[in-house]
Amino acid sequence: KPKQSVQVASAALEIDTTNVKALYRRAVARRQIGDTDDAREDLRQALQQDPNNVAVKKELASLKKELEEAKKAQKKGLQKAFGKSGGGLGLLYEDKEQENRRKAEETKRKKEQEEELLKKRKSEWEDECVKRMAKGEPALSFDEWDRECKEKEKEEERRKKEERRKAREAAKQEVDNDSDDDELTEKELAQLRGYKKTADG
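Residues numbered from 1 in each chain as written. Predicted model: local features only at pLDDT ≥ 70, side-chain atom pairs only at ≥ 80, totals over all residues. Heavy atoms only, no water.

**A look at the side chain of Glu59**
Then step 1. Inspection of the secondary structure assignment puts Glu59 in helix H4 (residues 54-82).
Then step 2. If near-sequence neighbours (up to four positions away) are discounted, Glu59 is found in contact with Tyr24, Val28, Arg31 and Leu43. (Helix = DSSP H or I, 4+ residues; strand = E, 2+ residues; numbered from the N terminus. Contact = heavy atoms within 4.5 Å.)

**Concerning helix H2 (residues 20-32)**
Then step 1. The terminal C-alpha atoms of H2, which comprises 13 residues, lie 18 Å apart, in line with the 18 Å expected from a rise of 1.5 Å per residue.
Then step 2. What H2 keeps buried is the set Val20, Ala22, Leu23, Arg26, Ala27, Ala29, Arg30 and Arg31.
Then step 3. The residue sitting at the N-terminus of H2 and contributing the capping side-chain oxygen is Asn19; that oxygen lies 3.1 Å from the backbone nitrogen of Lys21.
Then step 4. With its phi angle positive at about 90°, Gly34 sits one or two positions after the end of H2. (Expected span 1.5 Å × (residues − 1). Buried < 20%, exposed > 50% of the residue type's maximum accessible area, 1.4 Å probe, protein only. Polar contact = N/O pair within 3.5 Å; in protein donor to acceptor, adjacent residues only side chain to side chain.)

**Details of the packing of helix H1 (residues 2-15) against H2**
Then step 1. H2 packs onto H1 with a crossing angle of 155° between their chain directions and a minimal axis gap of 8 Å. Relative to H2, the element H1 lies roughly antiparallel. The element H1 and its partner H2 pack so that their crossing is left-handed. Residues Pro2, Ser5, Val6, Ala9, Ser10, Ala12 and Leu13 of H1 lie in contact with H2, whose contacting residues are Ala22, Leu23, Arg26, Ala29, Arg30 and Gln32.
Then step 2. In terms of residue class, the contact of H1 with H2 is made up of eight nonpolar, three polar and two charged. (Axes fitted to C-alpha atoms, helices over the stretch in contact; angles between N-to-C directions. Parallel < 35°, antiparallel > 145°, perpendicular 65-115°, else oblique. Left-handed = near helix turned anticlockwise from the far one by under 90°. Nonpolar A, V, L, I, M, F, W, Y, C, P; charged D, E, K, R; others polar.)

Encoded structure:
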């Protein structure tokens, strides 16, 4: 209905552009459909034509108040989203701050794990040095011992990788052999179909 009112009032204003009643009615209808800027413009024009019109003045004051409240609400929403309020970060920055905290904790945990691992390896190195010295062999520096251990670990990884590859190949070969056995003879196929092959086919 407000759209229809806008059309009727616009038609009246095409005939008489100074018609205060038509300007007022179109402004009210435009406000109802959310077209506040055009509604304000219509009310201003109506007020220019009739500065003493109480209804136009009231409607314009009410519209201005509504626009100010909407502006305040929007500003408040933006402050909440972007600004720092009450010592806390805005909603959009909280996620980023949480992500930064999570990354810092992750880095700290990794560092602690690396330190713990290094401590363990140094303990193993000390044990190895004691064993070597007991056998009358010269002790190795930590770097030399660490290099040897890493080479052994790499070699062990290569060996395991090769074993896994061989196991896969053996499994594949077994599957291939099984698929050969799965081929049905013509007699077995006929039994599955439920009839016997006669002499004439």
